[in-house]
Amino acid sequence: METRNWIGGEWSTPGSGETQVRNPSAIGETVGTLRLSSGKEVLQAVEAARRVGRIWSKMTGAARGECLYRMALLLERSAESVAQLASSEMGKPIVEMRGEVARGVQLLRYYAAEGVRSDGDVIPSAQSNVLQYAKRFPLGVVALITPWNFPVAIPIWKLAPALICGNTVVWKPAEFASLTAAKLAELFADAGLPPGTINLVIGKGRLLGKALLEECGIDALSFTGSTATGLAIGAACAARNIKFQTEMGGKNAAVVLKDARVSTAVQAVLSGAYRSAGQKCTATSRIIVENAIYDEFVQELAAETLKLQVRHALDEKAYLGPVASEEQYRSVHAYAESARTDGKIIATAAAPDSGEGYYIAPLLVEGVGAEHALVREEIFGPIAVVQRAADIDEAIDLANRSVFGLSASVFTANLTNAFRFLEEMEAGMVRVNQETAGVEYQAPFGGMKGSSSHTREQGQSALDFYSALKTCSIQYG
Ligand code: ADP
């Protein structure tokens, strides 16, 4: 398998550099070849998208919806091979990866149905014989820049609403998820969309991002990735006054109060912190435990952490696999070292040798101060820090002490405490007795504070981003 560009309905092989993609679970094994574009392909892709936009935007919502239903069917039929490829490319355990592909199918069907749902509102006029309405119109050519950690679901949760709203798309996936992206494009090529409605350009973010933002007339951009890149992209979009959306980092807290059901909290915290090797922007990174239950909860969490199965991503028993790449390994390994020197390791689990793959043993850490990097920075790896809080006041205060505000959880059987947390938590997604990750596709997804540009993805909110409201008024008397 090798990466290819798909521009204006034509396949081409990018010619600027070639790397062998290593399987992060077994680095001796090659998954495919990554070929990169130089930048000029971005211009061609935007031109192709612009040309076909005249056709796609004029098709009925029902006809666009049919295309999305076909995309869903094609993905569903190839679900297992897509899941296997993605697991081999970026190391997400196969069981989770299957769930992610199924999520992609659901997202396509959800947005396909939007093609025949209301695309505006009638607003009573203060004048007689005037019909006034606000209707959604497409934005034009939308650029999608996607990360490697959800190589199927994130691209689809951008593509599907963008397309159903009548936009055409230029998609730049992350380097470490480009084989999966090429595979998705191959599937979608048979869905009957006019050639050029979706364009895929493979390459380095810095280079293609610059071309997209400075040399092409894109109309909007949706990005998911790191905070530093998101802020730079947001600033470039603002300078050109184009609509943008950036989903960036998180430092999500799970708060365990003294009346929590310990077994529920332990399993949810474990899953939030360690599934996908902690590489979710909604992963649980801080565990704040009320003093009265601290010892009991931490003891049980430690016992469960010890049992975690760290394995090759294609092993059905893997709870977590390796981290996605050498770059990720270096970054997370440095945090693990600092946890060992500056904190106390409460528990870890056996992991395969790092010479075999990019394996990092999961770590449960305590004893680092609120200002330590492990408590403040997004780690994006299987490391969770436990903090002690005297009571709910201190717990909420600690949980809110972050520049990020993506997701948060509280574990409690007390309704008053649950609602207090829901109201006072400065996060875009707040959950009670559930893990910080795992928000459903039909609900808005996004963060407060430094986590996002304050727009929302998924659910009906995505339609707001991918369209412009036009207020129309007709005097008919
Ligand atoms: P991560 O650490 O998750 O890889 P990045 O922000 O580096 O996060 O990457 C997320 C996406 O943004 C990828 O598709 C990447 O290629 C792209 N990207 C990286 N740098 C830039 C940039 N300067 N301009 C546009 N896109 C970029």
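Calculation criteria
Residues numbered from 1 in each chain as written. Predicted model: local features only at pLDDT ≥ 70, side-chain atom pairs only at ≥ 80, totals over all residues. Heavy atoms only, no water. Phe/Tyr/Trp six-rings, centres within 6.5 Å; stacked < 30°, edge-to-face > 60°. Helix = DSSP H or I, 4+ residues; strand = E, 2+ residues; numbered from the N terminus. Buried < 20%, exposed > 50% of the residue type's maximum accessible area, 1.4 Å probe, protein only. Lys NZ or Arg CZ within 6 Å of the ring centre and 35° of its normal. Domains from an automatic or database assignment. Buried area = accessible area lost by both parts, 1.4 Å probe. Salt bridge = Lys/Arg side-chain N within 4 Å of Asp/Glu carboxyl O. Polar contact = N/O pair within 3.5 Å; in protein donor to acceptor, adjacent residues only side chain to side chain. Near = heavy atom within 4 Å. Areas by Shrake-Rupley, 256 points an atom, 1.4 Å probe, with all protein chains shown as cover. Contact = heavy atoms within 4.5 Å. Pairing = 2+ DSSP bridges. Axes fitted to C-alpha atoms, helices over the stretch in contact; angles between N-to-C directions. Core = buried A, V, L, I, M, F, W, Y, C linked by side-chain atoms within 4.5 Å. Patch = residues over 30% accessible without salt bridge, like charges linked within 9 Å, V, L, I, M, F, W, Y side chains within 5 Å.

- As annotated in an unreviewed UniProt entry, the chain is Aldehyde dehydrogenase family protein from Cohnella boryungensis.

**Quick word on the packing of aromatic side chains**
Move 1: Considering all chains together, one arrives at 7 aromatic pairs under this definition.
Move 2: Ring geometry for Tyr110 versus Tyr111: centroids 4.8 Å apart, planes at 90°, classification edge-to-face.
Move 3: For the ring pair Tyr110 and Tyr441, a centre distance of 5.7 Å and an interplane angle of 80° mean the geometry is edge-to-face. Of the two residues, Tyr110 sits in helix H4 (residues 94-113) while Tyr441 sits in the loop between strand E19 (429-432) and strand E20 (448-449), which places them 331 residues apart along the sequence.
Move 4: When its relative accessible area of 17% is taken as the criterion, Tyr110 is described as buried.
Move 5: The exposure class of Tyr441 is buried, given its relative accessible area of 18%.
Move 6: Here the basic side chain of Lys135 rests over the ring of Phe137, its NZ or CZ set 4.7 Å away from the ring centre.

**Remarks on the domain arrangement of the chain**
Move 1: The domain boundaries assigned to the chain delineate domain 1 (5-248 + 452-475) and domain 2 (252-441).
Move 2: Summed over both sides, the interface between domain 1 and domain 2 buries roughly 2500 Å², with carbon and sulfur atoms accounting for 58% of that surface.
Move 3: Together, Ser25, Ile27 and Trp148 form the three largest contributors to the area buried by domain 1 at its contact with domain 2, with a combined 21%.
Move 4: Between domain 1 and domain 2 we count 2 salt bridges in total.
Move 5: The salt bridge partner of Glu316 is Arg98, with a shortest N-O separation of 2.9 Å.
Move 6: Linking domain 1 with domain 2 are 11 residue pairs in polar contact (both at pLDDT 80 or more), by the criterion used here.
Move 7: Only strand E4 (26-35), helix H3 (79-90) and H4 provide two or more residues apiece to the side of domain 1 that touches domain 2.
Move 8: With 8 residues, H4 is the largest single contributor of residues to the side of domain 1 that touches domain 2.

**Thoughts on the site of the ligand**
Move 1: Around the ligand, the surrounding shell holds 16 residues, and the nearest of these are Thr146, Lys172, Glu175, Ser226 and Thr229.
Move 2: A distance of 2.8 Å separates an oxygen atom of the ligand from a polar backbone atom of Thr146.
Move 3: Between the ligand and Glu175, the relevant distance is 2.9 Å, taken from an oxygen atom to a side-chain nitrogen or oxygen of the residue.
Move 4: The protein chains hide 79% of the 550 Å² of surface that the ligand would expose on its own.
Move 5: If you list the elements that add at least two residues to the shell around the ligand, you get helix H7 (205-215), strand E10 (220-224) and helix H8 (227-240).

**What about the environment of Thr19?**
Move 1: You can see Thr19 is positioned in strand E3 (residues 18-23).
Move 2: Taking relative accessible area as the criterion, Thr19 reaches 39% and is therefore assigned partly exposed.
Move 3: Considering only alpha carbons, one finds Thr19 and Arg35, 16 residues apart in sequence, at a separation of 6.6 Å.
Move 4: Beyond its immediate chain neighbours, meaning those up to four positions away, Thr19 contacts Gly32, Thr33 and Leu34.

**With respect to the environment of Ile233**
Move 1: Within the secondary structure, Ile233 sits in helix H8.
Move 2: Considering only alpha carbons, one finds Ile233 and Leu308, 75 residues apart in sequence, at a separation of 38 Å.
Move 3: Among residues more than four places away in sequence, those in contact with Ile233 are Ile145, Leu213, Leu221 and Phe223.

**Notes on the sheet that holds strand E5 (residues 120-122)**
Move 1: With antiparallel pairing, the 3 strands of this open sheet are ordered in space as E5-E6-E21. Looking along the sheet, the strands with just one partner apiece sit at the ends: E5 and strand E21 (467-475). Neighbour to neighbour, the strand axes of the sheet diverge by 15° on average, direction disregarded.

**Section: the environment of Glu47**
Move 1: Here Glu47 is to be found in helix H1 (residues 40-56).
Move 2: Expressed as a C-alpha distance, the spacing of Glu47 and Gln458, which sit 411 residues apart in the sequence, is 27 Å.

**Section: helix H13 (residues 392-400)**
Move 1: Taken together, the buried positions of H13 are Ile392, Ala395, Ile396, Leu398, Ala399 and Asn400.
Move 2: Looking at the packing, one finds that the buried side of H13 touches strand E12 (252-256), strand E13 (284-290), strand E16 (383-389), helix H14 (415-424) and E20.
Move 3: For H13, the N-terminal cap is Asp391; the gap from its side-chain oxygen to the backbone nitrogen of Asp393 is 3.2 Å.

**Section: the nonpolar core**
Move 1: Formed by 71 residues in total, the largest nonpolar core has its most connected members in Leu68, Met71, Leu75, Leu108, Tyr111 and Phe188.
Move 2: If near-sequence neighbours (up to four positions away) are discounted, Leu68 is found in contact with Leu108, Tyr111, Ala112, Ala160, Leu163 and Ile164.

**Some points on a nonpolar patch on the surface**
Move 1: On the surface, Val122, Leu131, Ile474 and Tyr476 cluster together to form a nonpolar patch covering roughly 390 Å² of accessible area.
Move 2: Of note, Tyr476 is situated in the segment after E21.

**Quick look at the pairing of strand E6 (residues 130-138)**
Move 1: Pairing of E5 with E6, which is carried by 3 bridges, proceeds in the antiparallel orientation. Bridge pairing links Gly120 to Lys135 in E6.
Move 2: In terms of strand pairing, E6 meets E21 through 9 bridges, oriented antiparallel. When the sheet's bridge partners are listed, Pro138 is paired in E21 with Ser467.

**Quick word on the sheet that holds E16**
Move 1: Pairing in this open sheet of 7 strands is mixed, and the strands run E14-E15-E16-E13-E12-E18-E19 from one edge to the other. Pairing within the sheet leaves two strands with one partner each, and these edge strands are strand E14 (344-348) and E19. Mean inter-strand twist for the sheet, computed between neighbouring axes without regard to direction, equals 20°.
Move 2: Note that E14 and strand E15 (residues 363-366) share 4 bridges and pair antiparallel. By the bridge assignment for E15, Thr348 is matched with Leu363.

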